[in-house]
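# Structural overview
Next come the chains, spelled out residue by residue.
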Amino acid sequence: LRIRKTRPQLKSASPTSFRLTEKFILLLVFSAFITLCFGAIFFLPDSSKLLSGVFFHSSAVETNTRTGTDSDSNVAVGTEEKILTKIRKDHEKALVEAKDTLQKRPDEIKQDIQDEKDKMMTFAWDSYKRYAWGSNELRPVSKQGHSSNLFGEYLSPGATIVDALDTLYIMEMFEDFDMATEWVEKNLDFNVNAEVSVFEVNIRFVGGLLSAYYLSGKEVFRRKAIELGEKLLPAFKTPTGIPWALLNLKSGIGRNWPWASGGSSILAEYGTLHLEFMHLSKLSGNPAFAEKVMNIRKVLNRLDKPQGLYPNYLNPNSGQWGQHHVSVGGLGDSFYEYLLKAWLMSDKTDEEGKKLYYEALQAIETSLIRKSSGGLTYIAEWKGGLLEHKMGHLTCFAGGMIALGADGAPEDKTGHQMEQASEIARTCHESYARTTLKLGPEAFRFDGGVEAIATRQNEKYFILRPEVIETYMYMWRFTHDPKYREWGWEAVQALEKHCRVEGGYSGVRDVYASSPNHDDVQQSFYLAETLKYLYLLFSDDDHLPLEHWVFNTEAHPLPVIRKEMTDKPSQLE
């Protein structure tokens, strides 16, 4: 890890702002002097010729200036032209020097913003420690712990602690990391009679523990990750091997969400286990983890895909699709992400994962990607053959995903996919820019004369989600276009202005309201994902380089599994 130099904070500056320097003061003096001279020459002889020489570089004036003719009028013109020429040269020199200064500022501003990220993470973490230590999440307005039942009951409280482990380490908050490590060792217990979401426990707990192990080398994280992984294996005891969504850790009895179509399992849940389970097999020597997730592919390969698309619902008993609803946002999103990342994490040896990803992306482009009349590219949802022209905040991860996979695209489609990624990033930025609070809604629509705007009240909330920042980070890494850092800084300003409260960071209920109405929840993924991606957006490319690390869908970095890789932890690069 590099030791960062501290710099004064730029609390309210934008990435293009700068301080007035002596050079700019000198420039102002020169500009005033020019104005005075221009006013004066109207009263000088042959002022029309002089003006012609200044604005149009008249050859007669230039000749007189060079040859120094003896006529009174030409002497006057030549003298004034020399003065103005010197002023112009000095003016141009000052502009060049100012430009050089501005070219140096982005690095300084980047460091100032980097320090701001540190401050944001410190504030979020310290608030959690102070008001909610040991709870799953924090209620920053009421200043107390929060145990959400949105994902089922967690094992034991402490989701924020496990989710934030790698962020603490990456940001060099080592004392806090050690405190969190001690809590994990003493308090993280899986021998409980609790029903949990297999998906959420996998991406947050298993992913967080694996990442903490690979970054720090602390054995407790490897041991806890494997122990938890073994507790999740009974979820796969179905006729097809497609796992249940919910699992009681003590009894091993599973079931699906009661609201899911016909008792189905959900694509984004059973399809988002691959990365973590492959690493569990690698670290434990137990092939069962890898076998379980590879069997999911076998089931999917046997099924017909409507227009090449994967419906969000699959019955684990019959092995047949449920309702034909397709989304690259909620219920579908990370399935596609994990197809690509399985290939990348395998050191590009998982050819099946690669094939499945690019085929799915082609089907998405053909059937779901559309462009609005205003020129915004978006990814619609597909329901029984009909398009719903809605794009969710969750879908905004796709810009980063497409950019990440563009280099391996078939048939020289790299440029095309990078353009797609850029357009999706722009659309998602617009969804932020078109709100009052400059924060993105949960979903936005492209119908009824509106574009990139939420039209339903239950879609106007913002819960500190990371997907847009995630795409900015990937787009910056692959293009170095400064607009992505500028957009990231806009998000920082909005978060600080509207989401920061006395006891932490809170989501808001309506991003179009004139002032924020806070939902009183600091999500664990805010520390795991949003703040980590903001930090990396303003870091050098060799900090967690993408050729060596793959991020799970909760932004927990896992190392690429090389052929020669042992189970020893990787060094943070």
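All values reported here derive from a predicted model rather than from experimental measurement.

### Concerning the side chain of R477
Considering the arrangement of structural elements, one finds R477 in helix α16 (residues 467–479). Residue classification places R477 among the buried residues on the basis of a relative accessible area of 10%. Reaching out from R477, the side chain makes a polar contact with the backbone oxygen of D541 at a distance of 3.4 Å. Within the structure, the side chain of R477 is placed 2.8 Å from the backbone oxygen of H543, a separation counted as a polar contact. In this structure, R477 is in contact with L536, D540, D541, H543, L544, P545 and L546, ignoring residues within four places of it in sequence.

### A few points about the pattern of salt bridges
Taken as a whole and judged by the stated rule, the model has 23 salt bridges. For E219, the salt bridge identified is with R222, shortest N-O distance 2.8 Å. Here R222 and E219 lie together in helix α8 (residues 219–232), a separation of three residues that amounts to about one turn. When the shortest N-O distance is used, the salt bridge between E442 and R465 registers 2.9 Å. Highlighted residues: E442 in the loop between α15 (414–433) and β14 (443–445) and R465 in the loop between β14 and α16, separated in sequence by 23 residues. Connected through salt bridges with shared partners, the residues E137, E200, R204 and E554 form a single ionic network.

### Some remarks on the packing of aromatic side chains
Two aromatic rings, taken as a pair, are described by how far apart their centres are and by the angle between their planes. Under the defined criterion, the tally for this structure stands at 24 aromatic pairs. A ring pair is formed by Y169 and F174, whose centres lie 5.3 Å apart and whose planes are at 70°; its orientation type is edge-to-face. Since its relative accessible area comes to 17%, Y169 is described here as buried. Summarising the aromatic geometry, the rings of Y472 and W487 are spaced 5.6 Å apart at their centres and angled 55° between planes, so their arrangement reads as tilted. One end of the pair, Y472, is in helix α16; the other, W487, is in helix α17 (residues 482–499), and 15 residues separate them in sequence. Given the relative accessible area of 12%, W487 is considered buried. Members of the aromatic cluster, connected to one another through ring pairs, are Y169, F174, F177 and F221. Across from the ring centre of F190, 5.8 Å away, lies the NZ or CZ of K224, which sits over that ring. A cation sits over an aromatic face here: R500 above F123, 3.7 Å from the ring centre.

### Some details on the environment of I170
You can see I170 is positioned in helix α5 (residues 159–170). Put simply, I170 and Y535 are 365 residues apart on the chain and 9.2 Å apart in space, counted from C-alpha to C-alpha.

### Details of the sheet that holds strand β11 (residues 381–383)
Pairing is antiparallel in the open sheet, where three strands are placed in the order β8-β11-β12. The sheet terminates laterally at β8 (325–326) and β12 (386–388), the two strands that pair on one side only. The pairing of β8 with β11 spans two bridges and is classified as antiparallel. From the neighbouring strand, V326 faces β11, where its bridge partner is W382.

### Focus: the sheet that holds strand β4 (residues 246–248)
Sheet strands pair via backbone hydrogen bonds, and the direction of the pair is either parallel or antiparallel. In space, the three strands of this open sheet follow the order β3-β4-β5, with antiparallel pairing throughout. The open sheet is flanked by β3 (195–197) and β5 (254–255), the only strands paired with a single partner. Packing against the sheet, helix α7 (residues 198–216) makes contact with β3 and β4, and its axis sits at approximately 65° to β3.

### Observations regarding unusual backbone geometry
Although it is not a glycine, K143 sits at a positive phi angle of roughly 60°. Here K143 shows up in the loop between β1 (137–139) and β2 (144–146). Residue K143 is classed as partly exposed on the basis of its relative accessible area, which comes to 29%. The backbone phi angle of L544 is positive, close to 55°, even though this residue is not glycine. On the basis of relative accessible area, L544 is assigned to the buried category, the value being 0%.

### Regarding the environment of C499
In this fold, C499 is placed in helix α17. When the C-alpha atoms of C499 and D519 are compared, they prove to be 9.7 Å apart, with 20 residues separating the residues in sequence. Contacts of C499, omitting those with residues within four sequence positions, involve L439, F462, L464, A494, G504, Y505, S506, V508 and H518.

### Focus: the UniProt feature "binding site: Ca(2+)" (unreviewed entry) in the protein chain
Residues given the UniProt feature "binding site: Ca(2+)" (unreviewed entry) here are T553. When its relative accessible area of 17% is taken as the criterion, T553 is described as buried. Polar side-chain contacts of T553 include one of 2.9 Å to the side chain of E337.

The rules behind each value
- Residues numbered from 1 in each chain as written.
- Predicted model: local features only at pLDDT ≥ 70, side-chain atom pairs only at ≥ 80, totals over all residues.
- Heavy atoms only, no water.
- Helix = DSSP H or I, 4+ residues; strand = E, 2+ residues; numbered from the N terminus.
- Buried < 20%, exposed > 50% of the residue type's maximum accessible area, 1.4 Å probe, protein only.
- Polar contact = N/O pair within 3.5 Å; in protein donor to acceptor, adjacent residues only side chain to side chain.
- Contact = heavy atoms within 4.5 Å.
- Salt bridge = Lys/Arg side-chain N within 4 Å of Asp/Glu carboxyl O.
- Phe/Tyr/Trp six-rings, centres within 6.5 Å; stacked < 30°, edge-to-face > 60°.
- Lys NZ or Arg CZ within 6 Å of the ring centre and 35° of its normal.
- Pairing = 2+ DSSP bridges.
- Axes fitted to C-alpha atoms, helices over the stretch in contact; angles between N-to-C directions.
- UniProt positions renumbered as here; feature names shortened; annotations may be inferred.

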